[in-house]
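Each chain, letter by letter, is given below.
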Amino acid sequence: MRTQRCALPQQICLLIAIAVFISVSVAGIASARAQPKYDHIIVVIMENHSFEQILSAPAANYVQWLARNGALFADSHAVAHPSQPNYLALFSGSTHGVRDDGIHEFAAPNLAGRLRAAGKTFVGYVEVGSPRKHNPWESFTSAEGAEKSLAAFPRDYASLPDVSFVIPNLQNDMHDGTIGQADAWLKAHLGTYANWSRKHNSLLIITFDEDDYGIENRIFTVLYGARIKPGRYEQRVDHYTILRTIEDIEGIVPLGAAVVRKAIAGAWTWE
């Protein structure tokens with residue numbers, strides 16, 4: 001079979017060939033960049049409510065606003081019951097066989113350690129009254145020093161760590177308090193950061209530890225910030241997926257079960 005030759009002058013043919021090569025190369029690079037690189041990522045974990053409970057709650061005005069203007073994952077799931085193993089999974093890629101909310105200690109790899117080894121920073125900001133079971137770094141010997149009081153949360157968001165977890169107390173995470181109370185807390189404590197993030201290459205992730213003990217363990221997860229393509233996404237995700245997404249953004253080796261998860265795709269824009 002003969003190769004079709006360009007009928008135009010040689011120089012024009014060469015320019016066309018170069019343009020095609022560049023466009024193909026750029027497309028290949030874009031497809032390889034599954035996620036943008038962010039300056040700051042904040043993960044907020046709320047408690048014990050299902051996807052539908054949050055989506056339909058009249059009192060969840062702010063988090064629903066984030067969902068309308070961010071990336072809402074309609075097929076998001078926790079990995080276990082009760083609370084603690086989900087926090088462990090999100091922080092270390094494993095539940096470590098934990099099936100309770102008791103006191104445990106592990107000498108195991110975790111997100112704080114992986115980031116530190118890569119020259120990056122992690123802080124778990126904890127509101128007074130948050131229990132140990134919700135503060136997973138307290139269970140890892142190699143994560144000592146990762147925790148700070150929520151009172152130390154920077155007012156200058158540019159000084160935030162590369163990755164932060166923000167943990168409300170039991171009154172403000174929907175565990176003991178109401179949906180409306182937690183929704184107001186989110187807006188008061190993270191609303192300004194959410195607005196700032198859109199123009200400062202940063203990301204806010206809001207998720208839940210587990211649902212209300214349903215069989216599907218379906219939870220509400222939303223991403224909001226810079227380079228987010230608003231919409232409702234049907235990709236099945238769980239805590240390991242969220243962890244893998246953070247790991248891929250930060251360029252660190254995946255932990256535990258995150259190795260076999262695919263990071264979130266399709267919710268990003270590079271504009």
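Here, every reference points to the structure presented above.
Let me sum up the structure you'll find in this document. None of the values given here were measured: they were computed from a predicted structure.

**Digging into unusual backbone geometry**
Line of reasoning, step 1. Look at the link from histidine 81 to proline 82: it is a cis peptide, with omega at -5°.
Line of reasoning, step 2. By the secondary structure assignment, proline 82 is in the loop between strand S2 (71-77) and helix H4 (83-92).
Line of reasoning, step 3. Of note, the phi angle at tyrosine 213 is positive, near 65°, even though the residue is not glycine.
Line of reasoning, step 4. Note on placement: tyrosine 213 falls in the loop between strand S6 (202-208) and strand S7 (218-225).
Line of reasoning, step 5. Even without glycine at this site, asparagine 217 takes up a positive phi of about 55°.
Line of reasoning, step 6. Among the structural elements, asparagine 217 can be located in the loop between S6 and S7.

**Points about H4**
Line of reasoning, step 1. With ten of ten residues buried, H4 lies mostly within the body of the structure.
Line of reasoning, step 2. Among all positions in H4, only Ser83, Gln84, Pro85, Asn86, Tyr87, Leu88, Ala89, Leu90, Phe91 and Ser92 are buried.
Line of reasoning, step 3. The inward-facing, buried residues of H4 contact strand S1 (40-46), helix H5 (111-117), strand S3 (122-126), strand S5 (163-167), S6 and helix H7 (239-250).

**Examining the pairing of S2**
Line of reasoning, step 1. Burial runs high along S2: six of the seven residues are buried.
Line of reasoning, step 2. Where S2 lies against S7, five bridges are found, and the strand directions are antiparallel. When the bridges of S7 are listed, serine 76 appears paired with isoleucine 219.
Line of reasoning, step 3. Relative to strand S8 (residues 231-233), S2 runs parallel, the two sharing three bridges. By the bridge assignment, leucine 72 is partnered in S8 with arginine 232.

**Thoughts on the packing of helix H3 (residues 61-69) against helix H6 (residues 179-197)**
Line of reasoning, step 1. It is the contact of H3 with H6, at a shortest axis distance of 8 Å, that shows an interaxial angle of 40°. By the angle between their axes, H3 is oblique relative to H6. For the pair formed by H3 and H6, the contact residues are Asn61, Tyr62, Val63 and Leu66 on the first element and Asp183, Leu186, Lys187, Leu190, Gly191 and Ala194 on the second.
Line of reasoning, step 2. Classifying every residue of the contact of H3 with H6 by side-chain character gives six nonpolar, two polar and two charged.

**A closer look at the nonpolar core**
Line of reasoning, step 1. Judged by nonpolar contacts, the single largest core of 42 residues is most densely connected at Leu111, Phe122 and Phe165.
Line of reasoning, step 2. Residue contacts for phenylalanine 122: discarding those within four places in its chain leaves Phe91, Leu111, Ala112, Leu115, Trp137, Ala146, Pro161, Val163 and Phe165.
Line of reasoning, step 3. Core analysis: the next-biggest nonpolar cluster, separate from the first, contains 37 residues, Phe153, Val166, Trp185 and Phe208 among them.

**A few points about the side chain of histidine 239**
Line of reasoning, step 1. With respect to the helices and strands, the residue histidine 239 is situated in helix H7.
Line of reasoning, step 2. Looking at histidine 239, the relative accessible area reads 1%, which means it is buried.
Line of reasoning, step 3. If we ignore the near neighbours within four places in the chain, the residues touching histidine 239 are His77, Ala78, Val79, Asn86, Ala89, Leu90, Phe208, Asp209 and Ile219.

**Section: the pattern of salt bridges**
Line of reasoning, step 1. In total, this model carries seven salt bridges according to the counting rule given.
Line of reasoning, step 2. Note that arginine 232 and glutamate 234 form a salt bridge whose closest N and O atoms lie 3.8 Å from each other.
Line of reasoning, step 3. Taking relative accessible area as the criterion, arginine 232 reaches 47% and is therefore assigned partly exposed.
Line of reasoning, step 4. A residue is classified by how much of its surface remains accessible, and glutamate 234, at 54% relative accessible area, is exposed.
Line of reasoning, step 5. Arginine 244 is paired through a salt bridge with aspartate 248; the nearest N and O atoms lie 2.9 Å apart. Residue arginine 244 and its partner aspartate 248 are both found in helix H7; the two are separated by four residues, about one turn of the helix.

Scoring rules and cut-offs
Residues numbered from 1 in each chain as written. Predicted model: local features only at pLDDT ≥ 70, side-chain atom pairs only at ≥ 80, totals over all residues. Heavy atoms only, no water. Helix = DSSP H or I, 4+ residues; strand = E, 2+ residues; numbered from the N terminus. Buried < 20%, exposed > 50% of the residue type's maximum accessible area, 1.4 Å probe, protein only. Contact = heavy atoms within 4.5 Å. Pairing = 2+ DSSP bridges. Axes fitted to C-alpha atoms, helices over the stretch in contact; angles between N-to-C directions. Parallel < 35°, antiparallel > 145°, perpendicular 65-115°, else oblique. Nonpolar A, V, L, I, M, F, W, Y, C, P; charged D, E, K, R; others polar. Core = buried A, V, L, I, M, F, W, Y, C linked by side-chain atoms within 4.5 Å. Salt bridge = Lys/Arg side-chain N within 4 Å of Asp/Glu carboxyl O.

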